[in-house]
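Given next are the chains, with one letter for each unit.
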Amino acid sequence: MKDRPSGRQPLLVTVLVFPGVRLLDVTGPIEVFSSANDFGGRYRVRTVSPDGADVVTSAGTGLRVDLSAAEARDVSDVVIVPGGPEWPSLVKDEALLDTERALDERGRRTASICTGAFLLAAAGLLDGRTATTHWRFADQLALRYPRVTVAADALFVRDGHIMTSAGVSSGIDLSLALVEEHFGADVARSVAKDMVVFMQRPGGQSQFSVRTRTPRARQEMLRRVLDTVAEDPSADHTLAAMARRAGVSPRHMARLFHDEMTTTPARYVERIRMEAAQAMLEEGDDPMATVARRTGFGSPESLRRAFTRNLGVTPGTYRARFRTTDATAAAVSPDSAEVRLP
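This write-up is about the structure you can find in this document. What you see is a predicted model, and the numbers here were worked out from it, not measured in a lab.

Basis of the calculations
Residues numbered from 1 in each chain as written. Predicted model: local features only at pLDDT ≥ 70, side-chain atom pairs only at ≥ 80, totals over all residues. Heavy atoms only, no water. Helix = DSSP H or I, 4+ residues; strand = E, 2+ residues; numbered from the N terminus. Buried < 20%, exposed > 50% of the residue type's maximum accessible area, 1.4 Å probe, protein only. Contact = heavy atoms within 4.5 Å. Areas by Shrake-Rupley, 256 points an atom, 1.4 Å probe, with all protein chains shown as cover. Salt bridge = Lys/Arg side-chain N within 4 Å of Asp/Glu carboxyl O. Polar contact = N/O pair within 3.5 Å; in protein donor to acceptor, adjacent residues only side chain to side chain. Expected span 1.5 Å × (residues − 1). Pairing = 2+ DSSP bridges.

1. A look at the overall build of the protein
Helix and strand counts for the protein stand at 15 helices and 12 strands. Expressed as a percentage of its 342 residues, the buried residues of the protein come to 51%. A separation threshold of at least 6 residues defines the contact pool for the protein, and within that pool the share at least 24 residues apart is 65%. Roughly 15200 Å² of accessible area belongs to the protein as shown, and the carbon and sulfur atoms make up 51% of that amount.

2. Some points on the pattern of salt bridges
Opposite charge on two side chains permits them to pair, given that their charged atoms come into close proximity. Throughout the structure, instances matching the rule amount to 15 salt bridges. Across the pair Asp-98 and Arg-101 runs a salt bridge whose closest N-O atoms are separated by 2.6 Å. Of the two residues, Asp-98 and Arg-101 both sit in helix 3 (residues 94-105), three residues apart, roughly one turn of that helix. Of the residues examined, Asp-98 reaches a relative accessible area of 44% and is grouped as partly exposed. Arg-101 sits in the partly exposed class, given a relative accessible area of 29%. One salt bridge in this structure joins Arg-158 and Glu-181, with 3.8 Å as the shortest N-O distance. Separated by 23 residues along the polypeptide, Arg-158 in strand 10 (residues 156-159) and Glu-181 in helix 6 (residues 170-183) bring together distant segments of the chain.

3. Quick look at the environment of Arg-305
Tracing the chain through its elements places Arg-305 in helix 14 (residues 300-311). Between the C-alpha atoms of Arg-305 and Pro-315, which are 10 residues apart in sequence, the distance is 9.2 Å. Only 3.4 Å separates the side chain of Arg-305 from the side chain of Ser-302, close enough to count as a polar contact.

4. A short note on helix 1 (residues 23-36)
The terminal C-alpha atoms of helix 1 lie 20 Å apart, and with 14 residues this matches the ideal 20 Å at 1.5 Å per residue to within 8%. Burial in helix 1 covers these residues: Asp-25, Val-26, Gly-28, Pro-29, Val-32, Phe-33, Ser-35 and Ala-36. Lining the buried residues of helix 1 we find strand 1 (11-16), strand 2 (43-49), strand 4 (62-63), strand 6 (78-81), helix 6 and helix 7 (185-195).

5. Comments concerning the pairing of strand 6
With burial as the criterion, each face of strand 6 is covered, one bearing Val-78 and Ile-80 and the other bearing Val-79 and Val-81. Across three bridges, strand 1 lies against strand 6 in parallel orientation. What sits directly across from Val-15, in strand 6, is Ile-80. In this structure, strand 6 lies alongside strand 7 (residues 110-112), joined through three bridges in parallel fashion. Across the sheet, the residue bridging to Val-79 is Thr-110, located in strand 7.

Function cannot be read off these values alone, since they describe shape.
This is how it looks when you write it as structure tokens:
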């Protein structure tokens, strides 16, 4: 681990930009660090490019650059390496890779956003480390760079002085974790509330809602049944009740779930109820009995069994994880944490 920042001087965040960079990869972290200054943090943020020229992002928006990377000779507390949709060509840009290496050498912490992990890997900075990237490209990262251990479902991973994050919005999660590391959980929590984002989001990259993750039902009748479950998880959603509402036999309803949803009715309902319970635990302080009743589990004990079976943690432990950015997940090195839920 490189030396930690000290003193009362603002911490220096250097964001590397280049033509075709993804806009939110840049602006998301910058917004977090800038907002932290309103709540007791002390950051100075600057943008650099390999040659000092302003750049045009993949969205077509121009970005002003403060100076060239060669001029950025002072030590950065954080170096941010964003990604871009043209990463297959960017990993062949030796000038860009040399810039990364130089900034990393002069930085205490280097962090990539989304496909920025490919740039770190191409520069050799991830050799022997665990890292993550956007779920769509995790297999390619592992295939192209076999010396990197890829944690495909993690929102972000800390391994030594290197951090990597998943999709573009995960750059905000990573940045909040850095704010907590530098200035404490209260400052990070204030920033999260101000930006209306989670302090630490539930799950990993597979956390999309149940209704968007599952296949779209071909039959309108089944789609109405699924919508009814999602609209009121606490209602009676036994197989018999769903079949009765749809006007089919329980056997036919079970067959529809098997053929179109590749799951059972009971399992689907439990997943919807789990999602509803997670939302209640994340957003409020209702007693467990209230959470269980409103999400269809009925009792705190049933709620506890469902959480233990599906997530490996109790509802109370799950709720506690939203009081900090640092989940109690497996470490990948003495100064490392892979942030996700079991």
